[in-house]
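Structural characterization, general
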Amino acid sequence: KLVPLLFQFFELQHRNNNIHNVRLVRMIVESSEVEPEEVYNLGLVAKLNAVLAYAYENLVDSFYEPCLDIVSTALFKTSESLKSSPRKDDILARNAGFTEGLEVYVSLLDHLDAAVTEKSASTLQLCAQMYDGVCDTLTTMRLRGDGPATSLEMLTKVLTGAEPTTSQTTQRRVLKVLWRVMSSKPTRSARVKACVPLWTAVRDLSKSRSRDLAQLADALLTV
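The following paragraphs examine the structure supplied in this document. No experiment lies behind these values; they were computed from the predicted model shown.

1. Here's the deal with the overall build of the chain
The helix and strand tally for the chain stands at 14 helices and zero strands. Listing each helix as α and each strand as β along the chain from the N terminus yields α-α-α-α-α-α-α-α-α-α-α-α-α-α. A globule of 223 residues ought to have a C-alpha radius of gyration of about 17 Å, and the chain, at 18 Å, matches this closely. Expressed as lengths along the three principal axes of its C-alpha atoms, the size of the chain is roughly 55 × 40 × 30 Å. The burial tally for the chain puts 48% of its 223 residues in the buried class. Counting only contacts in the chain whose residues sit at least 6 apart along the sequence, the fraction spanning at least 24 positions is 63%. As displayed, the chain offers around 11000 Å² of accessible surface, 52% of which is attributable to carbon and sulfur atoms.

Right, here's the structure in full:
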């Protein structure tokens, strides 16, 4: 079969692990003709985590979009299947490994390519929706590298539009992440509000000319 062969290539040390194969894996994950069980049994989560971590550490920018697409597609399909499946715990468990890439998803929020930031924000939003532990981590996580030192500082950078390439789509998704973080546990809400620059950015966005941004930010102010 072609699918198992392509997943054999989807390894850091394999000579055929290139951008073309990553895109083919993305097509497989997106396809309605391939059963989700098959790609998970072929090691989708662990392989993706390894490839994306390597790409981030070595600045292989071309891998970001297809890798983030793979994660967000898998998580979106999971969120849809949770609505009708009686095996919710099993479905969540097989995707939980994707949360290991949380630091990468957050760190890519200020990437200079708007498409990368939007996809990263989408992935982060899906993780926060499905895994409560992600919401806890987002209020305390420290980031490596030369950028913002913490996840809350990164969210502040996005909401203030410090990078000219930051789109309103990314900002909307980050506001939705904050809503999930704050609305489900008072202690997390308190941590977010204690980050004065972040909370100031939310207040400023509540006065935005963008109706969607203003409504989302205004809703946060009531939490």
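2. What about the pattern of salt bridges?
If you walk through the whole model with that rule in mind, you get 13 salt bridges. For the salt bridge of Asp132 with Arg180, the shortest nitrogen-to-oxygen distance reads 3.4 Å. Residue Asp132 is located in helix α9 (residues 132-138), and its partner Arg180 is located in helix α11 (residues 168-183); the two are separated by 48 residues in the primary sequence. When the shortest N-O distance is used, the salt bridge between Glu163 and Lys157 registers 3.3 Å. Through salt bridges with shared partners, one network takes in Asp132, Asp136, Arg180, Lys185 and Arg188.

3. Some words on the nonpolar core
Within the largest apolar cluster, 70 residues are counted, with the highest numbers of intra-cluster contacts made by Leu44, Phe98, Val106, Leu109 and Leu159. In contact with Val106, other than residues within four places in its own chain, are Ser120, Leu124, Leu138, Met141, Leu143, Ser151 and Met154.

4. Points about unusual backbone geometry
Peptide bonds are trans in most cases, and residues, glycine excluded, mostly fall at negative phi. Even without being a glycine, Leu59 presents a positive backbone phi close to 55°. Within the element layout of this structure, Leu59 appears in the loop between α4 (44-57) and α5 (64-81). You can call Leu59 exposed: its relative accessible area is 65%.

5. Some words on the packing of helix α12 (residues 186-194) against helix α13 (residues 196-205)
As a packed pair, α12 and α13 sit with axes 5 Å apart at the nearest point and diverge in direction by 90°. As judged from the angle between their axes, α12 and α13 are roughly perpendicular. Of the residues in α13, those in contact with Val192, Lys193 and Ala194 of α12 are Val196, Leu198 and Trp199. Among the residues making up the contact of α12 with α13, the classes are represented as five nonpolar, no polar and one charged.

6. Brief notes about the layout of surface pockets
The volume enclosed by the largest pocket comes to roughly 320 Å³. Forming the boundary of the largest pocket are 16 residues, of which Tyr56, Ser107, Asp110, Asp146 and Gly147 lie nearest the centre. In the lining of the largest pocket, the residues fall into seven nonpolar, four polar and five charged.

7. With respect to α13
Two residues of an α-helix separated by three or four positions point the same way, owing to the 3.6 residues in each turn. Buried residues of α13: Leu198, Trp199, Ala201, Val202 and Leu205, and no others. Axial view of α13: buried residues confined to an arc of 155°, hence all on one face. Exposed residues lying more than 90 degrees from the buried face of α13 are Val196 and Pro197. The secondary structure elements touched by the buried residues of α13 are α10 (151-160), α11, α12 and α14 (211-221).

Conventions and cut-offs
- Residues numbered from 1 in each chain as written.
- Predicted model: local features only at pLDDT ≥ 70, side-chain atom pairs only at ≥ 80, totals over all residues.
- Heavy atoms only, no water.
- Helix = DSSP H or I, 4+ residues; strand = E, 2+ residues; numbered from the N terminus.
- Rg over C-alpha atoms; globule rule 2.2 N^0.38 Å.
- Buried < 20%, exposed > 50% of the residue type's maximum accessible area, 1.4 Å probe, protein only.
- Contact = heavy atoms within 4.5 Å.
- Areas by Shrake-Rupley, 256 points an atom, 1.4 Å probe, with all protein chains shown as cover.
- Salt bridge = Lys/Arg side-chain N within 4 Å of Asp/Glu carboxyl O.
- Core = buried A, V, L, I, M, F, W, Y, C linked by side-chain atoms within 4.5 Å.
- Axes fitted to C-alpha atoms, helices over the stretch in contact; angles between N-to-C directions.
- Parallel < 35°, antiparallel > 145°, perpendicular 65-115°, else oblique.
- Nonpolar A, V, L, I, M, F, W, Y, C, P; charged D, E, K, R; others polar.
- 1 Å grid on protein atoms, 1.4 Å probe; cavity = no way out; pocket = protein on both sides within 12 Å on 5 of 7 lines; lining within 4 Å.
- Points joined across faces, edges and corners; volume = space filled by probe spheres on them.
- Arc of directions from axis to C-beta.

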